[in-house]
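Each chain is listed here by its residues.
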Amino acid sequence: MRDQPERERALRILVAEDDFTSRTMLQAVLRKWGLDPLAVCDGDEAWEALQRPDAPRLVVLDWNMPGIDGIEVCRRARGANTSNPPYIIMLTSKTETADIVEGLEAGANDYVSKPYRSEELRARIGVGRRVVELQSALVEAHNRLIHEATHDSLTGVLTRRAVFERLESELIRAGREGTQVGVGLCDLDHFKRVNDTYGHQVGDEVLRGFVRVVQESLRGCDVIGRYGGEEFLVVAPLPPGATHKDLFGSVCERVAARPIETRGGSIAITVSIGVARAAGPGTFDAVISAADEAVYRAKGEGRNRVAHAVPPVAARRDA
Ligand code: GH3
Ligand code: MG
Ligand code: MG
Ligand code: MG
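Everything numeric in this text was worked out from a predicted model, so none of it was measured.

A. Structural view of the coordination of the magnesium ion (ligand 3). Coordination sphere of the magnesium ion (ligand 3), protein contribution only: Asp 187 (OD), Glu 230 (OE) and Glu 231 (OE), at 2.1 to 2.5 Å. Separating the magnesium ion (ligand 3) from the magnesium ion (ligand 4) is a distance of 3.5 Å, and Asp 187 supplies a donor atom to each of them. Of this pair, Asp 187 sits in strand S6 (residues 180-188) while Glu 231 sits in strand S8 (residues 231-238); the two residues are 44 residues apart in sequence, bridging distant segments of the chain. Among the residues examined, Asp 187 registers a relative accessible area of 11% and is labelled buried. For Glu 231, a relative accessible area of 22% corresponds to the partly exposed category.

Shown next, in the form of structure tokens:
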């Protein structure tokens, strides 16, 4: 059941109605229309159901109920900060214009008076269904675009811009918390030779494989992004008193020990890593240049190694 596509599954709909007979009849009719009703008999239960991660997106809501009333449920649902708000149809015996206005102003999307005509309720639920489906599609497209804008299409790691933003915020946080952030600039050794020997496509496979191997060494709080070409930037927050020797040392060793399997065969690679530490706002440019200089040193000293910039970059007083 869980794997069934959304479209084929009966759409779930929350029915909040305290009157037993009305609730039972409504459930029966909703089922007949191919919906999957979840029935509750008071406002508190309705609000609780709406807060669940798998909350129904369509709601038929009575006004007068024990506990919080339907109007309050609407207000709370509208006040909640969610990208997927429910579509709420108030179904109530209150028929005055002032009631309708109050219901809509509290956040209901639609208002149907009791006794309702079944075909009208069905049509209004159809409208709600279209709105909910459109909204889901928009949220999905939005999330996909955000992912595409922040992730490198070849390797799946963060883009240069996204990893820079992460570094900037980690530096500010470290300054506030009195900790440090390490950056490891990882530059594949003699990568041009891989392309020259095996071709660009195999080179691409090697870049993807390299990222997978690096990710095995990273902790949950570390991130990796593509700095450019065959260069990657790891941002690694440091707890007080700790160093990055273990982290970047293990990245370097693991890369050297794990040839990448490609369509051109198994390709052994190595990486040179320049590591620098900093904390506080205003240290961004300096920490990147310090890591850059350290990579240069690692290359000069024979590649396949980690070089550390010392001392840590100090925060600018004016920042
Ligand atoms: P060094 O050890 O000094 O870093 O040598 P290197 O060959 O790695 O450095 P160099 O800067 O000379 O070459 C980097 C190569 O990386 C050249 C470029 O074609 C290749 N490259 C950059 N981006 C990509 C990519 O997306 N895919 C592939 N296949 N190759 C890339
Ligand atoms: Mg009631
Ligand atoms: Mg390079
Ligand atoms: Mg290189």
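B. Representation of the layout of surface pockets within the structure. Of the pockets and cavities examined, the second largest pocket occupies roughly 230 Å³. Leu 50, Arg 52, Ala 55, Thr 82 and Asn 84 are, among the 16 residues lining the second largest pocket, the residues nearest its centre. Of the residues forming the lining of the second largest pocket, the biggest block, 3 residues, is contributed by helix H2 (residues 43-51). Residue classes in the lining of the second largest pocket are distributed as 9 nonpolar, 4 polar and 3 charged.

C. Broad picture of the coordination of the magnesium ion (ligand 2). All of the protein donors around the magnesium ion (ligand 2) are Asp 18 (OD), Asp 62 (OD) and Asn 64 (O); their distances to the metal are 2.0 to 2.2 Å. For Asp 18, a relative accessible area of 34% puts it in the partly exposed group.

D. Layout of the packing of aromatic side chains. Scanning all chains against the criterion turns up 3 aromatic pairs. Taking the centre distance of 6.0 Å and the plane angle of 55° together, the rings of Phe 164 and Tyr 227 count as tilted. Linking Phe 164 in helix H6 (residues 160-177) with Tyr 227 in strand S7 (residues 223-228), this pair joins segments that are 63 residues apart in sequence. Judged by relative accessible area, which is 19%, Phe 164 ranks as buried. Ring centres of Phe 210 and Phe 232 lie 5.4 Å apart, and the angle between their planes is 45°; on these two criteria the pair is classed as tilted. Of this pair, Phe 210 sits in helix H8 (residues 200-217) while Phe 232 sits in strand S8, and the two are 22 residues apart along the sequence. Look at Phe 210 and you get buried, because its relative accessible area is 0%.

E. Structural context of unusual backbone geometry. Residue Pro 115 is reached from Lys 114 by a cis peptide bond, and omega for that bond is 0°. For His 190, which is not glycine, the phi torsion reads 45° and is therefore positive. Within the secondary structure, His 190 sits in the loop between S6 and helix H7 (191-198). Take His 190: its relative accessible area is 33%, and that puts it in the partly exposed class. The phi dihedral of Asn 304 is positive, around 50°, even though this residue is not glycine. Relative to the helices and strands, Asn 304 is located in the loop between helix H10 (284-300) and strand S12 (306-308).

F. Examining the side chain of Thr 179 more closely. Within the fold, Thr 179 resides in the loop between H6 and S6. Not counting chain neighbours up to four residues away, the residues in contact with Thr 179 comprise Ala 174, Leu 238, Pro 240 and Ala 279.

G. Spatial organisation of the environment of Gly 220. Assignment of secondary structure puts Gly 220 in the loop between H8 and S7. In sequence terms Gly 220 and Ala 276 are 56 residues apart; their C-alpha atoms lie 20 Å from each other.

H. Spotlight on helix H1 (residues 20-32). The terminal C-alpha atoms of H1, which comprises 13 residues, lie 18 Å apart, in line with the 18 Å expected from a rise of 1.5 Å per residue. Residues of H1 that are buried include every one of Arg 23, Leu 26, Gln 27, Val 29 and Leu 30, and no others. At its buried positions, H1 is contacted by strand S1 (12-16), strand S2 (36-40), strand S3 (58-61), strand S4 (87-92) and helix H5 (118-150). Two residues or fewer past H1, Gly 34 is found with a positive phi of approximately 85°.

I. Structural detail: the sheet that holds S4. With parallel pairing, the 5 strands of this open sheet are ordered in space as S2-S1-S3-S4-S5. Each edge of the open sheet is held by one strand with a lone partner, namely S2 and strand S5 (110-113). Averaged over all pairs of adjacent strands, the angle between strand axes in this sheet comes to 20°, irrespective of strand direction. With 4 bridges joining them, S1 and S3 adopt parallel strand pairing. Note on S3: the bridge partner recorded for Ile 13 is Leu 58. H1 contacts S1, S2, S3 and S4 of the sheet and is inclined by roughly 165° relative to S2. Those strands touched by helix H4 (residues 97-106) are S4 and S5, and its axis lies near 145° from that of S5.

Rules behind the numbers
- Residues numbered from 1 in each chain as written.
- Chains lettered and ligands numbered in written order.
- Predicted model: local features only at pLDDT ≥ 70, side-chain atom pairs only at ≥ 80, totals over all residues.
- Heavy atoms only, no water.
- Donors = N, O, S within 2.8 Å, 3.2 Å for Na, K, Ca; no water.
- Helix = DSSP H or I, 4+ residues; strand = E, 2+ residues; numbered from the N terminus.
- Buried < 20%, exposed > 50% of the residue type's maximum accessible area, 1.4 Å probe, protein only.
- 1 Å grid on protein atoms, 1.4 Å probe; cavity = no way out; pocket = protein on both sides within 12 Å on 5 of 7 lines; lining within 4 Å.
- Points joined across faces, edges and corners; volume = space filled by probe spheres on them.
- Nonpolar A, V, L, I, M, F, W, Y, C, P; charged D, E, K, R; others polar.
- Phe/Tyr/Trp six-rings, centres within 6.5 Å; stacked < 30°, edge-to-face > 60°.
- Contact = heavy atoms within 4.5 Å.
- Expected span 1.5 Å × (residues − 1).
- Pairing = 2+ DSSP bridges.
- Axes fitted to C-alpha atoms, helices over the stretch in contact; angles between N-to-C directions.

Geometric values such as these leave the question of function open.
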